[in-house]
Protein chains: 2
Amino acid sequence: MDDKTMKSPNVVWHEAEVSRAMREELNGHRGAVLWFTGLSGAGKSTLAHAVERRLYEQGAHTFVIDGDNVRHGLCADLDFSDAGRVENIRRVAEVAGLFVQAGVLTLTAFISPFRSDRARARALLGEDFIEIYCNTPLDVCESRDVKGLYKRARAGEIADFTGISSPYEPPEAPEVDVDTGTQALDVCVDQVMAYLRQRGIIA
Amino acid sequence: MDDKTMKSPNVVWHEAEVSRAMREELNGHRGAVLWFTGLSGAGKSTLAHAVERRLYEQGAHTFVIDGDNVRHGLCADLDFSDAGRVENIRRVAEVAGLFVQAGVLTLTAFISPFRSDRARARALLGEDFIEIYCNTPLDVCESRDVKGLYKRARAGEIADFTGISSPYEPPEAPEVDVDTGTQALDVCVDQVMAYLRQRGIIA
């Protein structure tokens, strides 16, 4: 419920809300969503956590939303059908929006292969949405194959696997295009941090 | 994706995660969920925002989740049927759990009339779940009737209105039982703050 003022015979209550701007002032940085997208194995989660670590070391308030913490929780009711994936990304964008209101630098790490889904997230989040393309070519991702998923997908054991049997639609104008295929992790982190400073999101 | 270590011919990437404990150390307080429950007009949202304000003034990192910021967003696909309400509370609890992982003192303000729903939230959140009963009697809520909802419910214009045509199941052992019916707002806030200090959640 959202009563702004409450009266009873005995008490008059007034609400004093804490605004996003007040939280950002407390934090010393702006809230924003760093939306990492790319193929399986491109380095999204690794880069997101490395950027988070760097931000933390500067005293920033951060959180990473990824499959690990939503697929078994908030989105546990969703399957991996097209409709399930669309709803998964919709909820992630909505939750990221709440974290931004809380003044948190929020990093999301999902393949999010479809432009339409990312466009919806961008429409929802506006200028708080920062698309970071983990630009590792398919052959590099496949040669890494940390989880053996590409091998299984090639063997036909995984249906609709992005890059093999389901398309990945690369960002057309990402805010940051990171060469996660050949660069060292620190160099990739530097690039993201430079963008955040340039935008005035961090000092 | 959640690759913990990635290798390619050129680079070896290692992940360095920021933990909840690290965020709590940065914040200077623990994360927790303050789950405000009570009738419509009991003062849940008002008290939640007033507690948030007090916490903010002490430098704490907070966020209020209420109908205002989820019913039109994350839960916009849900109706007010029993199933819709159950799913609404489930998602709120899951999102609150993410905020706790981020080290945030999270305040939720929903009628949440059913013990079973609150029990599920408690089961999910464990010792991070703090149930705060906004204990305003029905007749006081109805006499306040800030939004005119009770009048409409009595006239039969609103189906399944909690307290009138749908039950409210009071908490049996809430962590905090606040007399929001007669006490001044500051006194109610003091009571919640004292509990948080006693539990060692804030200094």
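Here, every reference points to the structure presented above.
Let us look at the structure shown here.

## Digging into the overall build of chain A
Helix and strand content of chain A: eight helices and seven strands. Here the C-alpha coordinates of chain A stretch approximately 75 × 40 × 25 Å along the principal axes. A buried classification covers 47% of the 203 residues belonging to chain A. Expressed as a percentage of contacts within chain A between residues at least 6 apart in sequence, the contacts between residues at least 24 apart total 74%.

## Quick notes on helix α5 (residues 115–125) of chain A
Residue and element names in this part refer to chain A. For α5, the set of buried residues is Asp-117, Arg-118 and Ala-121. Taken down its axis, α5 places every buried residue within 95° of arc, on the same side. The exposed set on the far side of α5, more than 90 degrees from its buried face, consists of Ser-116, Ala-119 and Ala-123. Among the structural elements, β3 (32–37), α4 (82–101) and β6 (129–134) are those in contact with the buried residues of α5. Trailing α5 by a residue or two, Gly-126 shows a phi angle of about 60°, which is positive.

## Section: the sheet that holds β6(A)
Note on sheets: strands pair through backbone hydrogen bonds, and any given pair is parallel or antiparallel. Residues and elements named next belong to chain A. Taken in spatial order, the five strands make up an open sheet running β4-β5-β3-β6-β7, and their pairing is parallel. Edge positions in the sheet fall to β4 (62–66) and β7 (176–178), since each of these pairs with one other strand and no more. Mean inter-strand twist for the sheet, computed between neighbouring axes without regard to direction, equals 20°. Pairing of β4 with strand β5 (residues 105–109) involves five bridges; the strand directions are parallel. Counted as the bridge partner of Phe-63 is Thr-106 from β5.

## Focus: the pairing of strand β6 (residues 129–134) of chain B
Residues and elements named next belong to chain B. Buried residues dominate β6, accounting for six of its six residues. Alternating residues of β6 divide into Phe-129, Glu-131 and Tyr-133 and Ile-130, Ile-132 and Cys-134, and every residue in both groups is buried. Pairing of strand β3 (residues 32–37) with β6 involves five bridges; the strand directions are parallel. Note on β6: the bridge partner recorded for Trp-35 is Glu-131.

## Examining the packing of helix α4 (residues 82–101) of chain B against helix α5 (residues 115–125) of chain B
All names here are of chain B. The N-to-C vectors of α4 and α5 enclose an angle of 25°; their axes lie 10 Å apart at closest approach. As far as their axial angle goes, α5 and α4 are roughly parallel. For the element pair α4 and α5, the recorded crossing hand is right-handed. In this structure, α4 uses Val-86, Ile-89, Arg-90, Ala-93, Ala-96, Gly-97 and Val-100 to contact α5, whose residues at the interface are Asp-117, Arg-120, Ala-121, Leu-124 and Leu-125. Its residues assigned to classes, the contact of α4 with α5 comprises eight nonpolar, one polar and three charged.

## With respect to the nonpolar core
Grouped together as the largest cluster of nonpolar side chains are 97 residues, with contacts concentrated most on A:Leu34, A:Ile132, B:Leu34 and B:Ile132. Ranked by residues supplied to this core, first place goes to α4(B) with eight residues.

## Remarks on unusual backbone geometry
Of note, the phi angle at A:Asp145 is positive, near 40°, even though the residue is not glycine. By the element assignment, A:Asp145 lies in the loop between α6 (138–144) and α7 (149–154). Residue A:Asp145 is classed as partly exposed on the basis of its C-beta count, with 16 C-beta atoms lying within 10 Å. At B:Asp160, a position not held by glycine, the phi torsion is positive, near 50°. If you trace the backbone, B:Asp160 turns up in the loop between α7 (149–154) and β7 (176–178).

## As for the pairing of β5(A)
Residue and element names in this part refer to chain A. Within β5, five of the five residues are buried, leaving the element largely enclosed by the surrounding structure. The alternating pattern of β5 places Leu-105, Leu-107 and Ala-109 on one face and Thr-106 and Thr-108 on the opposite face, and all of these are buried. Two elements, β3 and β5, share five bridges in a ladder whose sense is parallel. Within β5, the residue paired with Trp-35 across the bridge is Thr-108.

Cut-offs used in this document
- Residues numbered from 1 in each chain as written.
- Chains lettered and ligands numbered in written order.
- Predicted model: local features only at pLDDT ≥ 70, side-chain atom pairs only at ≥ 80, totals over all residues.
- Helix = DSSP H or I, 4+ residues; strand = E, 2+ residues; numbered from the N terminus.
- Buried ≥ 20, exposed ≤ 12 C-beta atoms within 10 Å, placed from the backbone.
- Contact = placed C-beta atoms within 7 Å.
- Arc of directions from axis to C-beta.
- Pairing = 2+ DSSP bridges.
- Axes fitted to C-alpha atoms, helices over the stretch in contact; angles between N-to-C directions.
- Parallel < 35°, antiparallel > 145°, perpendicular 65-115°, else oblique.
- Left-handed = near helix turned anticlockwise from the far one by under 90°.
- Nonpolar A, V, L, I, M, F, W, Y, C, P; charged D, E, K, R; others polar.
- Core = buried A, V, L, I, M, F, W, Y, C linked by C-beta atoms within 7 Å.

As far as function goes, none of this settles anything; it's purely spatial.
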